[in-house]
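Chain residues, written in single-letter form:
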Amino acid sequence: MAKEYNFREIEKKWHQRWVEQQTYRVTEDPKRKKFYVLNMFPYPSGAGLHVGHPLGYIASDIYARYKRLQGFNVLNPMGYDAYGLPAEQYAIKTGQHPEKTTFQNIDRYREQLDKIGFSFDWDREVRTCSPDYYKWTQWAFQKMFKSFFCNKTQKAMPIEVLTEHFEKEGTGDWDVACTEEMNFTAEEWNSWDEKKQSDVLMNYRLAFMGETMVNWCPALGTVLANDEVVNGVSERGGYPVEQKKMRQWCLRVSAYSQRLLDGLETIDWSESIKETQKNWIGRSEGAEIRIPYTLSIEGEQEGEFTIFTTRADTMFGVTFFVLAPESELVDKVTTPEQRAAVDEYIKYVKGRTERERMIDHTVTGVFSGAYGINPITGDKCPIYVAEYVLAGYGTGAIMAVPAHDSRDYAFAKHFDLPIIPLVEGADVSEESYDAKEGIVMNSPRAEGGSVNYDGECLNLNGKTIKEAIAETKRFVKAHKLGRVKVNYRLRDAIFSRQRYWGEPFPVYYKNGIPTMIPEECLPIELPQVDKFLPTETGEPPLGNATKWAWDEQNKKIVENSLIDEKTIFPIELYTMPGFAGSSAYYLRYMDPHNQEALVSEKAAAYWQNVDLYVGGSEHATGHLIYSRFWNKFLFDLGVSKKEEPFQKLINQGMIQGWSSFVYRLRNTNKFVSFDLLDEQYDDAKKKNLYFYQGTEADPVYADISMVNGNVLNVEKIRQWTVEFRDAEFILNANGQYIVNQAIEKMSKSKYNVVNPDDICENYGADTLRLYEMFLGPIEQSKPWDVAGIDGCFRFLKKFWMLFWDKDGQLQADDSEPTAENMKSLHKLIKKVSADIEEFSYNTSIPAFMVATSELSSQKCRSRKVLEPLVVVLAPFCPHIAEELWEAMGHETTVCDAPWPKWDDKFLVESTVKMPVQFNGKVRFTLDLPADMPKEEVEKTALSAPEAGKYLEGQQIVKTVVVPGRIINIVIKPA
RNA sequence: GCCCAGAUGGUGGAAUUGGUAGACACGAGGGACUUAAAAUCCCUUGGCCUAACAGCCGUACGGGUUCGAGUCCCGUUCCGGGCACCA
């Protein structure tokens, strides 16, 4: 009786064995080289794992196991990003504490993960919601609060250094990152009270409280970070978002703009994700120029404002200036005559949502009544207020050059303002000429058209635009008309949320001054509340807590009723956003149980940073920016040992699901088979509408399990939900109900989720692992399709049968392998080694299949072939590999076997490339060692079987070996 | 609009980076074993023409470089991703 491949028994056995023997436990081992593999940890949702989740975990597990086989000390941890909105919303609905549902979900995740056979070291598990963990999130926040950023050294420094400087010299000319430029003397600083000083310091702290425009989402009752808003609506739920000025905690991420940009050059990430981050950081070099203004065309100078431009060369084409409606300058420049019009315009702008502003680009604006004086030409140009200028970027004020900027052009056309072309040959009668190429003219337009500064006038005529930009910058700088400035689009991150289920801030308010709770008192644990909703007075949910006050003397949390504003003060009601807990978790995995530090010096020094990070590309502008920022800050503190946290990044694609739709006739309970419907494209809605005998039919999701192919199981769906129980189904001519199918993101709400447990049950984890990799390149998104899984399962059965004879006896002996055996094996090792290094696992699987069928038909029995074969399969299918390894008499785990090396000598004959005949020559390309002597190369080439075909009966005139690889054999022409 | 990545059979996708395009798998068709089914095994499967051999055409489209192009260069079309009034 042949020995069956009983995957259920095998996998159960090894899961137990791995736990008992602590196979995947890792500790620092200075004798071995480290390798740190990490997956983006999951948010434990109530739906459990679907087949898409393990894709990245399997890919990284294969790499981790491969590295271990190569002798590295591999850290491959896993944990949970446990704070999140769904648990909180569930809590609001049911009153169930989010911790409870979160822990239930975590248990379910763990159970599912364990079935797949990962090599995670579960002793290092972290949960962002556990006080042991978020103690260090709070700690890092406090460190940021106590730091500022020096632009010159590009480093974070302790805030005391800055206060000391203020005490002695005031602001001086120290270039430090700040919210707005400030200027004060030491005397002024020293004269201020504690409150005023605290307010001023907020301008410099890396974690600070700022009055900023925030994305306020009324439906969610909270503010959102920029990356949480997509197309003007909230990423979660798709609710409208409006702009609102609020006092919020912020992180000065923008201070690190340049380092975040520079760091991209040193890391091994995909070009597209680096590009996305570069766009998000949005560096642009330009100039800030001061513009004096008057309140009437003949009036005297009233004051000045500063504009930012990247096109300093176009100063001679300025015909008006524009201020952002939110700019504080608007008030100053508005003349009494224009006051009413401006106020009305501001009101209109405020009433518009972010979304409206994004979609609708109609030209709007209003004249302020004032005139700006162009410092180069001396011209007076009207100052407008218009929403196309953004308050948050540059200085919130621009000089408008309609000839060479399409937005200014549209504005000028609308308000009938002059357009002056500055580039030779540029036709600006229909549209602006925005390109930065060409020769400058009209700059100045005539003799004396340029203001004289210290005997020098600016003249750009005849220069290329690039030269003109540089020349203008020089002129502006030399005559102190402004300064050269680099601007970044990257905004400071808004760091507080009006939610319950998040890290509480270790902050209390002492007479209105935000004060840090002493470090030794951390963590400040999330208080109990009886309701998870905001309070009736509109405070965040933590306002419901009754024990949420800080006793400064006794250093403990006490009842709110004791607040006296002398020794007992209220604690911050905000919580931290989702990215807080995920920003430094990779450091905590290095030393997860340390009570004294986020990570010990020793562990940080050993593990350094993550060598391979695997996760979705949707985090490009969120988590992957924040954690780089966070790490750079910790690097400045000396806690993190590397400037960049993730050396190599692989973005796995999504696995999509097949959604199925049934169609209900509007206002009826009748469902019509999809093939009976008439289709109509609706331009306005950009989608197809469906009709049955003139009545519109609306799509309704049907669960994937109700559908076989595209045929609906009508009986099954009747039992699914009440909605379908008594429905009438109109079938097609074949008596079938056909559903419409679409590929969509796999999600519970789309009823297209495929669960990995069923696959493990029916085929085993090894088949699941293999199949997920076989589905296609790891970085690509692809729909889940079980059709191909049989092929992988069949392969594993064939592989298994390679080791057992008809009687169920192991057929491995000490015989010498044949050349053929060695060729099959070494071809495989070479291919798989290269594939794993490049993460193209999908192409390894065909190689396994070919090698298996080759060795099978060769009736290979030799241990010298079979043992390495098992090791090579082990990263992909660890269970079957362990079982066979043990069967071959090994007492140690296959995880510690050495990764086999291939030897080209077994492969030589197979690597002759296609010989080509031309001009009486035959050319070969051989893959041979570079140091092989010329005669050897020639001999190998001539003896290659492929060569015979071409050289048979030909007279060889001469052979030419091109160094190493190519050989030209010249034959006598026929 | 700007930036990035793509386009190969009925399908997912290979092609050692310029050397026999379509590996491997799925699907489809045919066959063997079997009372039958399942399982397993074998054959065929890009298109056209052909009884067959042979031949011709084929990697989105149009050009180019080369003895030789899926691969390199120029242009076009289409799909996907990112950014988007960022001055």
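Predicted, not measured: the structure shown is a model, and the values here were computed from it. (Residues numbered from 1 in each chain as written. Chains lettered and ligands numbered in written order. Predicted model: local features only at pLDDT ≥ 70, side-chain atom pairs only at ≥ 80, totals over all residues. Heavy atoms only, no water.)

Trainee: Describe in detail the layout of surface pockets, supporting the description with residues and values.
Mentor: When its volume is computed, the second largest pocket comes out at roughly 450 Å³. Among the elements of the structure, strand S25 (655–665), strand S30 (707–708) and helix H22 (756–763) are those that each provide at least two residues to the lining of the second largest pocket. Considering every element that reaches the lining of the second largest pocket, the biggest residue donor is H22, with four residues. Tallied by class, residues from the lining of the second largest pocket come to nine nonpolar, seven polar and two charged. (1 Å grid on protein atoms, 1.4 Å probe; cavity = no way out; pocket = protein on both sides within 12 Å on 5 of 7 lines; lining within 4 Å. Points joined across faces, edges and corners; volume = space filled by probe spheres on them. Helix = DSSP H or I, 4+ residues; strand = E, 2+ residues; numbered from the N terminus. Nonpolar A, V, L, I, M, F, W, Y, C, P; charged D, E, K, R; others polar.)

Trainee: Lay out the pattern of salt bridges with the relevant residues and their values.
Mentor: If you walk through the whole model with that rule in mind, you get 49 salt bridges. Note that aspartate 757 and arginine 108 form a salt bridge whose closest N and O atoms lie 3.4 Å from each other. Taken together, the residues span a long stretch of sequence, with aspartate 757 in helix H22 and arginine 108 in helix H4 (residues 98–116) at a distance of 649 residues. Residue classification places aspartate 757 among the buried residues on the basis of a relative accessible area of 13%. Under the relative-accessibility criterion, arginine 108 is labelled partly exposed at 31%. Residues glutamate 164 and lysine 168 are paired through a salt bridge, measuring 3.8 Å at the closest nitrogen-oxygen approach. With glutamate 164 and lysine 168 both in helix H6 (residues 159–169) and four residues apart, the pair spans about one turn of that helix. Through salt bridges with shared partners, a single ionic network connects Arg259, Arg628, Lys632, Asp636, Glu643 and Glu644. (Salt bridge = Lys/Arg side-chain N within 4 Å of Asp/Glu carboxyl O. Buried < 20%, exposed > 50% of the residue type's maximum accessible area, 1.4 Å probe, protein only.)

Trainee: Before we move on, could you go through the protein's contact with RNA strand B and cite the residues and values that matter?
Mentor: RNA strand B sits among 40 residues. The nearest are Thr310, Tyr388, Arg407, Arg489 and Gln780. With respect to RNA strand B, the backbone of leucine 775 contributes an N or O atom lying 2.7 Å from a sugar or linking oxygen. Of all the secondary-structure elements, those providing two or more residues to the surface near RNA strand B are helix H10 (271–281), strand S11 (301–309), helix H24 (789–801), helix H26 (844–857) and strand S35 (916–918). In terms of residue class, the surface near RNA strand B is made up of 17 nonpolar, twelve polar and eleven charged. (Near = heavy atom within 4 Å. Polar contact = N/O pair within 3.5 Å; in protein donor to acceptor, adjacent residues only side chain to side chain.)

Trainee: Which residues make up a negative patch on the surface, and what are the values?
Mentor: Together, Asp427, Glu430, Glu431 and Asp434 make up a region of like negative charge exposed at the surface. Tracing the sequence through the fold places aspartate 427 in the loop between helix H14 (406–415) and helix H15 (465–478). A residue is classified by how much of its surface remains accessible, and aspartate 427, at 55% relative accessible area, is exposed. (Patch = residues over 30% accessible without salt bridge, like charges linked within 9 Å, V, L, I, M, F, W, Y side chains within 5 Å. Areas by Shrake-Rupley, 256 points an atom, 1.4 Å probe, with all protein chains shown as cover. Lys, Arg positive; Asp, Glu negative; His and termini not counted. Charge placed at Lys NZ, Arg CZ, Asp CG, Glu CD.)

Trainee: Tell me what's going on with empty space enclosed by the protein, and back it up with residues and numbers.
Mentor: Applying the stated rule across the entire model yields two cavities of 30 Å³ or more. Empty space within the largest cavity amounts to approximately 70 Å³. If you trace the largest cavity, you find it lined by Tyr133, Trp136, Thr137, Ala140, Ala580, Gly581, Ala584, Tyr585, Arg588, Leu598 and Trp630. At the level of secondary structure, the elements contributing two or more residues to the lining of the largest cavity comprise helix H5 (131–145), helix H16 (578–581) and helix H17 (585–588). In terms of residue count, H5 provides more of the lining of the largest cavity than any other element does, four residues in total. Of the residues assigned to the lining of the largest cavity, the class counts are eight nonpolar, two polar and one charged. If you add up the space inside the second largest cavity, you get close to 60 Å³. Considering only residue class, the lining of the second largest cavity consists of six nonpolar, one polar and two charged.

Trainee: For unusual backbone geometry, give the residues involved together with the corresponding values.
Mentor: Put simply, serine 443 and proline 444 share a cis peptide bond, and its omega is 5 degrees. Assignment of secondary structure puts proline 444 in the loop between H14 and H15. Notably, asparagine 511 is not glycine yet its phi reads approximately 50 degrees, a positive angle.

Trainee: Before we move on, can you summarise the nonpolar core with the specific residues and values?
Mentor: Counting 100 residues, the largest nonpolar core has Trp249, Leu251 and Phe495 as the members making the most contacts within it. Per-element accounting of this core gives the leading share, eight residues, to H5. If near-sequence neighbours (up to four positions away) are discounted, phenylalanine 495 is found in contact with Phe141, Trp249, Cys250, Leu251, Phe505, Thr575, Met576, Pro577, Phe579, Ala580 and Trp630. Residues Trp18, Val74, Phe793 and Leu855 belong to the second largest nonpolar core, which totals 90 residues. (Core = buried A, V, L, I, M, F, W, Y, C linked by side-chain atoms within 4.5 Å. Contact = heavy atoms within 4.5 Å.)

Trainee: Please provide a residue-by-residue account of the side chain of arginine 252, values included.
Mentor: Topologically, arginine 252 is positioned in the loop between strand S9 (242–251) and helix H9 (257–263). Although buried, arginine 252 forms no salt bridge, and the nearest oppositely charged side chain, aspartate 492, lies 4.1 Å from it. There is a polar contact of 2.9 Å between the side chain of arginine 252 and the backbone oxygen of asparagine 203.

Trainee: Give a detailed account of the packing of aromatic side chains, specifying residues and quantitative values.
Mentor: Across all of its chains, the model carries 77 aromatic pairs by this definition. Plain terms: the ring middles of tyrosine 57 and phenylalanine 120 are 6.4 Å apart, the flat faces sit at 80 degrees to each other, and that makes the pair edge-to-face. With tyrosine 57 in helix H2 (residues 54–69) and phenylalanine 120 in the loop between H4 and H5, the pair connects residues that are 63 residues apart, well separated along the chain. Like tyrosine 57, the residue phenylalanine 120 is buried in the burial classification. Between phenylalanine 141 and phenylalanine 495, the aromatic rings sit 5.9 Å apart at their centres with planes inclined by 10 degrees, giving stacked as the arrangement. In this pair, phenylalanine 141 sits in helix H5 while phenylalanine 495 sits in the loop between strand S17 (493–494) and strand S18 (507–510), placing the two residues 354 residues apart along the sequence. Residue classification places phenylalanine 141 among the buried positions, given a relative accessible area of 0%. Counting every residue linked through ring pairs, the aromatic cluster contains Phe35, Tyr63, Tyr66, Phe72, Phe795, Phe799, Phe803, Phe839, Tyr841, Phe848, Phe876 and Trp899. (Phe/Tyr/Trp six-rings, centres within 6.5 Å; stacked < 30°, edge-to-face > 60°.)

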